[in-house]
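Chains, contacts and geometry: an overview
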Amino acid sequence: MSAVGSWDAERAELGALIELCSLPHMGPARLRALLTGRDALAAIDQLRAGRAGVRAALRSCRGVDEPLIATWRQQIASAFERAAVSGHPVGADLLAAHAREGIWLSVPALADAAEIWESDPEPPALLFGQGIAVDPQVRRVGVVGTRRCTAYGRTVAQQLGSGLAAAGVAVVSGLATGIDGIAQRAALDTGGPVIGVVGSGLDQVYPASNRTLWADVARHGTLLSEYPLGRRAAQWQFPARNRIVAALCEVLVVVESGSAGGSMYTVDAAAERDRPVMAVPGPITSAASAGTNRLLAEGCAPVCDVDDVLAALGEPGRADAPPGSLGFPAAPAAPLDQQVLDELSAGPRTLDELALLTGTGLGELASSLSRLQLSGWASEAGGWWEKAR
Amino acid sequence: MLATATTATLVGVDGHVVTVEVHTSNGLPSFTIVGLPDAACREARDRVRAAVLSSGLDWPDNRVTVNLAPSGLRKGGAALDVAMAVAVLAVTEQVPAESLRGKAFLGELGLDGTVRGTAGMLPLTAALSDRAVVVASEAYHVALAASPRDVHAVRTLSQLASVLAGRAPWPDPPPVPPQPAPVPVPDLSDVIGQPSARRAVEVAAAGGHHLLMLGPPGAGKTMLARRLVGLLPELSRQCAMEATRVQSAAGLPLPNGLATRPLLRSPHHTATVAALIGGGTNAIRPGEISLAHRGVLFLDELGEFAPSVLDAMRQPLEEGAVRVSRALGTCSFPARFLLVAAMNPCPCGQAGRPNSCRCSDLVRQRYLRRLSGPLLDRFDLRIQVRPPDPDQLLDGIRGEPTAAVASQVAAARERAARRGVEANVELTGSQLEQFAPLTPAAHAALRERLRAGLLSGRGLHRVRCVALTLCDLAGDEPPIDAQRLAEALTLRASVGRLYAPATAA
């Protein structure tokens with residue numbers, strides 16, 4: 001990318017870039033192909049003119065065919081028409097629309113955090129952000145995991161989120177359901193810095209159940225996306241999002257993941273970028289820990305404590321915390337409570353199963369479960385009781 | 001010439017007295033019925049005339065007009081046939097006009113003069129309780145249940161004519177039908193390895209608490225519902241009358257007269273609002289919720305019912321009665337029933353088991369969203385029913401049989417009756433304060449749950465009510481201790497907070 005001279009030239013370049021980003025089915029790989037060896041202004045002009053060089057570069061990307069290029073050219077032609085009518089440079093209307101929503105744009109190669117992207121194999125061409133700009137001085141840890149987490153994963157994600165936040169470390173995550181969202185929420189609640197990277201336009205909340213979290217991250221932390229306003233969530237955009245999470249974090253922690261989850265993509269992307277990957281051990285009977293246990297077997301560092309993560313970052317641990325624990329509550333006192341917990345160790349159980357396994361009446365069992373639930377040892381969802389620690 | 005006879009017609013589940021006036025005058029032979037008869041009633045023309053002639057009696061060869069008074073009331077059904085026939089006999093002086101006085105006639109006529117029973121014999125007879133009611137033999141025991149002044153049973157029109165003419169005494173009433181061999185009641189001891197389901201069924205029967213069962217097909221939900229009916233006590237005379245009235249009006253068979261056992265109604269999930277709540281085009285008929293009055297309404301596959309149908313049930317659930325308004329008029333039906341519902345929590349059959357259920361949250365939520373929060377809130381008991389473990393099935397120890405539990409249920413209901421209600425579910429908040437005090441420990445446990453956001457204010461009341469029923473079942477006196485309370489909480493909310501608005505999400 002050429003050096004930017006005056007403010008106007010910078011605006012023109014940004015306008016062209018945002019116009020390219022907004023093309024349908026335009027993803028990071030295609031943008032990279034388009035912008036290799038030419039800046040955005042040149043790229044948009046050449047694409048508009050249908051130059052052979054640009055076409056060849058695009059055709060080398062998977063899934064790009066002539067009809068798609070034709071659609072893009074049509075789109076660009078109409079953008080130029082709009083620009084001609086309004087008298088503003090191409091993309092000025094899109095820039096204004098983003099500015100109205102309070103969204104800032106960041107060209108990673110030029111931004112303050114440029115060193116993060118310097119050696120990245122697949123840097124994003126343009127990032128859309130809301131909230132505070134990424135501060136390279138703040139240490140960053142990625143906390144990711146399955147969307148279908150267990151009560152155990154929920155507890156660990158919560159404690160990691162709040163523990164990291166308390167240490168002033170930013171939690172980087174994907175704002176998905178499950179581990180990602182839980183860790184972010186805990187970090188926010190503790191008042192720590194958070195960076196959320198999403199796989200759709202910043203106005204397209206996905207999943208919709210995370211709307212509040214999404215807004216809170218945008219208000220108190222950093223919300224980032226590679227996609228312009230209006231871009232809907234699409235399946236291919238999530239792995240692409242995961243590579244940004246991997247690039248942004250200095251250490252990646254996988255809390256819970258199945259053996260073929262999306263988190264594994266983040267792990268691969270982190271390994272590619274030489275980011276250390278750590279995993280939280282889980283029961284070998286739990287499908288939700290199959291991926292993390294495999295990572296441990298392959299030599300990943302285990303996370304048994306927030307301090308383990310802080311140590312990997314080279315940060316001092318928490319002096320006040322009891323050593324080697326995520327903060328356990330007092331062990332259950334009643335023998336029945338212990339028996340129930342033992343049964344729950346093997347996996348989720350229904351009330352009926354517990355009653356038959358422990359051989360107690362429903363009344364006694366119910367009071368035991370109630371004690372365990374209130375003390376945070378067990379949790380219940382959809383009629384299934386799980387050990388939460 | 002003029003003669004009158006008294007009968008009754010059915011509006012909803014109530015009988016209304018109708019006076020049949022027959023007038024003959026000179027003119028071409030004809031037979032007209034006026035006074036808002038419906039199709040079945042208008043067809044009485046042909047039945048009555050044929051029955052009179054087949055009985056060897058004379059039909060007037062001049063102009064016959066029948067008026068059904070009050071003329072503003074719609075008359076439906078064939079129960080007015082006999083009254084029309086005897087009034088015609090009176091106007092032609094084949095029976096003395098005075099013989100009809102103080103009597104009422106209910107029944108349909110066959111072309112050969114046979115007198116038949118019709119739907120609604122109980123409410124019809126009840127409306128005529130100040131006179132001697134003449135009914136078909138087959139309807140004698142139902143009519144008797146309404147305890148009118150006197151009931152006479154006849155088989156044919158000619159028999160009736162002879163009695164009225166003073167040529168014969170009233171025929172002997174038909175013998176009490178032999179008690180049918182007691183239908184083998186499905187026994188509770190068949191429930192193996194499902195302690196919470198079993199417990200919930202007992203509690204539902206004892207306290208009248210509505211029960212929601214979540215579980216995959218084949219987990220035994222229908223089986224549990226059938227056993228619940230077996231646990232319910234015999235209906236009191238008052239309740240039996242109310243229930244029989246509706247069942248009689250709907251034309252359900254009532255071989256023994258009064259229905260003393262609670263009924264199990266299980267409509268299919270394609271049922272319409274009219275089928276469930278009541279309604280209809282030709283007459284307003286009671287719906288399934290009224291047929292299940294004082295009994296059990298079992299809705300299998302609750303999630304498959306149309307949401308509008310389910311929401312229509314909310315108000316009757318609260319009030320114990322339903323008013324159905326149609327162009328034909330407005331009817332009030334009793335609808336105090338025990339609602340038992342079953343549904344599948346998700347399509348995969350793993351019933352949401354963490355880590356095993358392959359259904360996406362979206363699929364599960366879409367399925368559960370069909371149930372409105374207010375309806376779910378009516379269920380005091382919400383339990384998971386899972387197929388029993390094969391080992392348990394093969395060598396499981398059988399629990400208490402129905403007979404033993406039924407006596408506990410009856411005792412619990414007696415305690416409720418001492419509080420002035422039929423079952424604990426009817427207790428109001430202030431009554432609970434009075435009858436269901438909590439021990440300090442239970443109080444503390446509740447406070448902790450409310451603080452932790454695991455229970456809402458609305459849920460608090462219902463949990464206390466279930467805990468009181470648990471006390472009643474065990475034969476303990478309140479105050480309610482922490483263990484009872486924990487059990488009540490578990491029985492109420494073990495379906496999970498996703499589905500249970502009573503526990504804060």
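It should be emphasised that the depicted structure is a prediction, and the values quoted were computed from it without experimental measurement. (Residues numbered from 1 in each chain as written. Chains lettered and ligands numbered in written order. Predicted model: local features only at pLDDT ≥ 70, side-chain atom pairs only at ≥ 80, totals over all residues. Heavy atoms only, no water.)

1. A word on the overall build of chain A
Assigned secondary structure in chain A consists of 17 helices and 12 strands. Taken along its principal axes, the extent of the C-alpha atoms in chain A is 80 × 40 × 40 Å. In chain A, which comprises 389 residues, the proportion classed as buried is 54%. Across chain A, every contact between residues at least 6 apart in sequence was considered, and the portion connecting residues at least 24 apart equals 69%. (Helix = DSSP H or I, 4+ residues; strand = E, 2+ residues; numbered from the N terminus. Buried < 20%, exposed > 50% of the residue type's maximum accessible area, 1.4 Å probe, protein only. Contact = heavy atoms within 4.5 Å.)

2. A few points about the packing of aromatic side chains
Residue and element names in this part refer to chain A. This structure, assessed with the given rule, holds 3 aromatic pairs over all chains. Ring geometry for Tyr 206 versus Phe 238: centroids 5.6 Å apart, planes at 45°, classification tilted. Within this pair, whereas Tyr 206 is found in the loop between strand S5 (194-198) and helix H10 (211-220), its partner Phe 238 is found in helix H11 (residues 237-248), the two being separated by 32 residues in sequence. (Phe/Tyr/Trp six-rings, centres within 6.5 Å; stacked < 30°, edge-to-face > 60°.)

3. A short note on unusual backbone geometry
The phi torsion of most residues other than glycine is negative, and most of the peptide bonds are trans. All names here are of chain B. Each neighbour pair has its own omega, and for Ala 69 with Pro 70 the value is 0°, a cis peptide bond. Mapped onto the elements, Pro 70 comes out in the loop between strand S4 (63-69) and helix H3 (81-91). One non-glycine residue, Glu 93, lies in the positive phi region at around 60°. Considering the arrangement of structural elements, one finds Glu 93 in the loop between H3 and strand S5 (103-105). Backbone geometry at Arg 294 places phi at a positive 65°, although glycine is not the residue there. Taking the relative accessible area as the measure of exposure, Arg 294 reaches 18% and is therefore buried.

4. Focus on the domain arrangement of chain A
A common way to report how large an interface is uses the accessible area buried once the components associate. Residues and elements named next belong to chain A. Domain assignment breaks chain A into domain 1 (7-99), domain 2 (116-313) and domain 3 (335-387). Of note, the centres of domain 1 and domain 2, computed from C-alpha atoms alone, are 31 Å apart. Of the residues lining the interface, 15 residues belong to domain 1; the matching set on domain 2 comes to 14 residues. Roughly 1000 Å² of surface becomes buried between domain 1 and domain 2 when both sides are summed, with 70% attributable to carbon and sulfur atoms. Three residues stand out in domain 1 for area buried against domain 2, namely Pro 28, Arg 32 and His 98, and they jointly supply 46% of the buried area on that side. At the boundary of domain 1 and domain 2, one finds 1 salt bridge. As a salt-bridge pair, Glu 122 and Arg 32 come within 3.9 Å of each other at their nearest N and O atoms. (Domains from an automatic or database assignment. Buried area = accessible area lost by both parts, 1.4 Å probe. Salt bridge = Lys/Arg side-chain N within 4 Å of Asp/Glu carboxyl O.)

5. Observations regarding a negative patch on the surface
A cluster of acidic side chains, namely Asp112(A), Glu115(A), Glu118(A) and Asp135(A), defines a negative patch on the protein surface. Using a relative accessible area of 45% as the deciding quantity, one classes Glu115(A) as partly exposed. (Patch = residues over 30% accessible without salt bridge, like charges linked within 9 Å, V, L, I, M, F, W, Y side chains within 5 Å. Areas by Shrake-Rupley, 256 points an atom, 1.4 Å probe, with all protein chains shown as cover. Lys, Arg positive; Asp, Glu negative; His and termini not counted. Charge placed at Lys NZ, Arg CZ, Asp CG, Glu CD.)

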